[in-house]
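# Observations on chain architecture
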Amino acid sequence: MADTWTLAYPGVSLDMVADIDAAFVLSNAPEISYGVEAEEYSTPGTDGRTFGPMRQQGMLIPLELDINGHGSEQVVRAGKETLRRAWRADPVRREAGGSATLISPANRLTFGLPQRFETDDTYMKQGLIRAFVDFAATTDLWFSAEEFSTSLQITQPAYGGVVAPVVAPVITSGSSVRTSSFTVGGELDTYPVIEVQGPVINPAVEVIGVFRFEYRGTLAYDEVLTIDTHPHARTVTVNGAGVALSPTSDRIASASLPPGVHAMTLFGTSQSGTATATVRWRNAFPTY
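Bear in mind that the values here come from a model prediction, so they are computed numbers and not experimental data. Residue positions within a chain follow its written sequence, with the count starting from 1. Residue-level local features of this predicted model are given only where pLDDT is at least 70; pairs of side-chain atoms are given and counted only at 80 or more, and the full residue set underlies all totals for whole chains, interfaces and linings. Side-chain measures were taken over the full set of non-hydrogen atoms in the model, leaving aside hydrogen atoms and water.

### Some points on the overall build of the protein chain
We count it as follows: A run of H or I in DSSP becomes a helix once it reaches four residues, and a run of E becomes a strand once it reaches two; helices and strands are each numbered from the N terminus. Radius of gyration: over C-alpha atoms. The globule rule applied is 2.2 Å multiplied by the number of residues raised to the 0.38 power. Accessible area is worked out with a 1.4 Å probe on protein chains only. A residue is then buried under 20% of its type maximum, exposed over 50%, and partly exposed in between.
Across its full length, the protein chain carries two helices and 22 strands. Here the C-alpha radius of gyration of the protein chain, 25 Å, is well above what a compact globule of 288 residues would show, namely 19 Å. Summarising its shape, the C-alpha atoms of the protein chain cover approximately 90 × 65 × 35 Å along the three principal directions. Going through the 288 residues of the protein chain one by one, you find that 40% of them count as buried.

### Quick word on the pairing of strand S18 (residues 235-238)
As a reminder of what qualifies: Should DSSP find at least two bridges between two strands, the strands are taken to pair.
Note that strand S17 (residues 224-228) and S18 share four bridges and pair antiparallel. Bridge pairing in S18 places Ile-227 opposite Val-236. Linking S17 back to S18 in an antiparallel pair, the connection comprises six residues, with Arg-234 at a positive phi of about 50 degrees. Across two bridges, S18 lies against strand S19 (residues 241-242) in antiparallel orientation. Bridge assignment links Val-238 to a residue of S19, and that residue is Ala-241. Hairpin connection, S18 to S19: the antiparallel pair is bridged by two residues, and Asn-239 has positive phi, about 50 degrees.

### So, the pairing of strand S6 (residues 60-68)
In this structure, strand S3 (residues 24-26) lies alongside S6, joined through three bridges in antiparallel fashion. Following the sheet pairing, Val-25 is matched in S6 by Asp-66. When S6 meets strand S9 (residues 128-137), the two strands line up antiparallel, connected through nine bridges. Among the inter-strand pairings, Asn-68 is bridged to a residue of S9, identified as Leu-128.

### So, unusual backbone geometry
Following Gly-198, the chain continues to Pro-199 via a peptide bond in cis, the omega torsion being 10 degrees. Residue placement: Pro-199 occurs in the loop between strand S13 (193-197) and strand S14 (200-207). For His-70, which is not a glycine, the phi torsion comes out positive at approximately 50 degrees. The phi dihedral of Asn-107 falls on the positive side, at around 65 degrees, and the residue is not glycine.

### What to know about the packing of aromatic side chains
Stated formally: Geometry of aromatic contacts follows a simple scheme: Phe, Tyr and Trp rings, the Trp one being its six-membered ring, pair when their centres are within 6.5 Å, and the pair is stacked under 30 degrees between planes, edge-to-face over 60, tilted otherwise.
Inspection of every chain in the model, using the stated rule, returns seven aromatic pairs. Aromatic pair Phe-182 and Trp-281: ring centres 5.2 Å apart, planes at 40 degrees, arrangement tilted. Separated by 99 residues along the polypeptide, Phe-182 in strand S12 (residues 174-184) and Trp-281 in strand S21 (residues 276-281) bring together distant segments of the chain. One aromatic cluster is present, formed by Trp-5, Trp-142 and Tyr-288 through successive ring pairs.

### Remarks on the environment of Gly-260
Applied cut-off: Contact criterion: two residues are considered in contact whenever any of their non-hydrogen atoms come within 4.5 Å of each other.
Looking at the secondary structure, you find Gly-260 in strand S20 (residues 260-270). Along the sequence, Gly-260 and Thr-139 sit 121 residues apart, while their C-alpha atoms lie 21 Å from each other. The residues touching Gly-260, leaving out its near neighbours within four places in the chain, are Phe-182, Thr-183 and Val-184.

### What about the environment of Val-76?
Topologically, Val-76 is positioned in helix H1 (residues 73-88). Judged by its relative accessible area of 0%, Val-76 falls in the buried class. Residue contacts for Val-76: discarding those within four places in its chain leaves Ile-67, Asn-68, Gly-69, Met-124, Gly-127, Leu-128 and Ile-129.

### Some details on H1
Convention followed: What a helix should span is 1.5 Å times the count of its residues minus one. The directions from the helix axis to the C-beta atoms are what the arc is built from.
The end-to-end C-alpha separation of H1 is 23 Å, in line with the 22 Å expected for 16 residues at 1.5 Å each. Inspection of H1 places Val-76, Gly-79, Leu-83, Ala-86 and Trp-87 among the buried residues, and these make up the whole buried set. For H1, the arc enclosing every buried residue in end-on projection is 95 degrees, short of the 170-degree limit, so these residues lie on one face. Residues of H1 that are exposed and point over 90 degrees away from its buried face: Gln-74 and Arg-85.

### As for the sheet that holds S19
Spatial ordering of the open sheet is given by S11-S21-S13-S17-S18-S19, a layout of six strands whose pairing is antiparallel. Only two strands of the sheet have a single partner each, and these edge strands are strand S11 (148-153) and S19.

### Remarks on a nonpolar patch on the surface
We count it as follows: Surface patches are drawn from residues lacking salt bridges whose relative accessible area is over 30%; two like charges belong together within 9 Å, two nonpolar side chains (Val, Leu, Ile, Met, Phe, Trp, Tyr) within 5 Å. Method for areas: the Shrake-Rupley scheme with a 1.4 Å probe, in which residue coverage is limited to the protein chains shown. The working definition used for a salt bridge is a side-chain nitrogen of Lys or Arg within 4 Å of a carboxyl oxygen of Asp or Glu.
Residues Val-36, Phe-51 and Met-54 make up a contiguous nonpolar surface patch of roughly 290 Å² in combined accessible area. Positionally, Phe-51 belongs in strand S5 (residues 50-56).

### Remarks on the nonpolar core
We count it as follows: In this description, a nonpolar core means a group of buried Ala, Val, Leu, Ile, Met, Phe, Trp, Tyr and Cys residues linked to one another through side-chain atoms lying within 4.5 Å.
Among the nonpolar cores identified, the biggest contains 28 residues, and Leu-7, Met-16, Ile-61, Leu-63, Leu-65 and Leu-83 are the most heavily contacted of them. Every element with two or more residues in this core is listed here: strand S1 (4-9), strand S2 (12-17), S3, S6, H1, strand S7 (100-103) and S9. The leading source of residues in this core is S9, at five residues. Not counting residues up to four positions away in its chain, the partners in contact with Leu-7 are Val-12, Ser-13, Leu-14, Met-16, Ala-86, Trp-87, Ala-100, Thr-101, Leu-102, Pro-114 and Phe-135. The next biggest cluster of nonpolar side chains, apart from the first, holds 27 residues, and it includes Leu-152, Ile-154, Phe-182 and Leu-266.

Written as structure tokens, this is what we have:
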């Protein structure tokens with residue numbers, strides 16, 4: 001089967017195939033560039049230099065394509081328009097944090113946005129246009145196409161009864177704790193998405209030894225707190241509206257899950273005992 005790279009985002013799925021009969025022919029394997037950023041220090045009067053902490057930059061993935069009109073100028077013009085519309089990425093590029101995915105032949109994906117778009121129309125009348133396009137990834141990582149998840153429901157603590165005298169109405173609640181284990185695969189740390197479904201007061205989610213997030217507030221039964229740690233997002237929302245975590249929470253930018261077995265705990269106060277926490281992730285790899 002021919003190698004296929006796919007640009008995908010809502011409303012678009014465009015295949016670029018190493019096959020001369022495809023609409024968008026992948027001419028060469030992409031020469032992916034990986035870079036790092038680091039501060040440099042030197043001491044006057046001494047040789048050498050010292051590096052500060054090094055940070056991985058997002059990948060740049062150039063793709064060289066032949067837009068195939070099968071000998072027809074009209075067909076190749078239409079193909080050019082299709083490619084250009086796809087590379088504009090209008091549904092995802094207009095808001096901060098928007099992203100598309102580029103899926104490799106090995107069915108691993110990375111997040112980012114289409115950028116450079118150039119064409120050579122020399123042979124357009126013969127039904128061929130050469131295109132040079134770039135996909136700028138948000139990280140240097142490749143992720144599994146399959147998304148994994150685990151969930152747990154809060155447990156309602158036992159009560160010893162109500163002590164008289166009482167004044168109606170009587171409302172009982174208590175802090176509850178529940179823990180669940182899960183396994184992250186892959187080869188490198190990955191970025192989780194954490195969701196807490198109400199009803200619950202002051203929920204907190206902890207992956208033991210990795211991170212803890214706390215929200216000081218009340219989630220109704222139809223409200224979901226979502227913490228997205230991906231570099232292109234790093235957002236905290238309740239039903240899509242931005243909110244803030246407690247200052248005692250760990251930094252979202254440093255929250256990532258290494259491969260291995262983990263335990264997740266949900267804390268909170270619940271009258272119904274039906275609140276849930278879910279963690280979602282994709283396994284991460286250094287290459288496609």
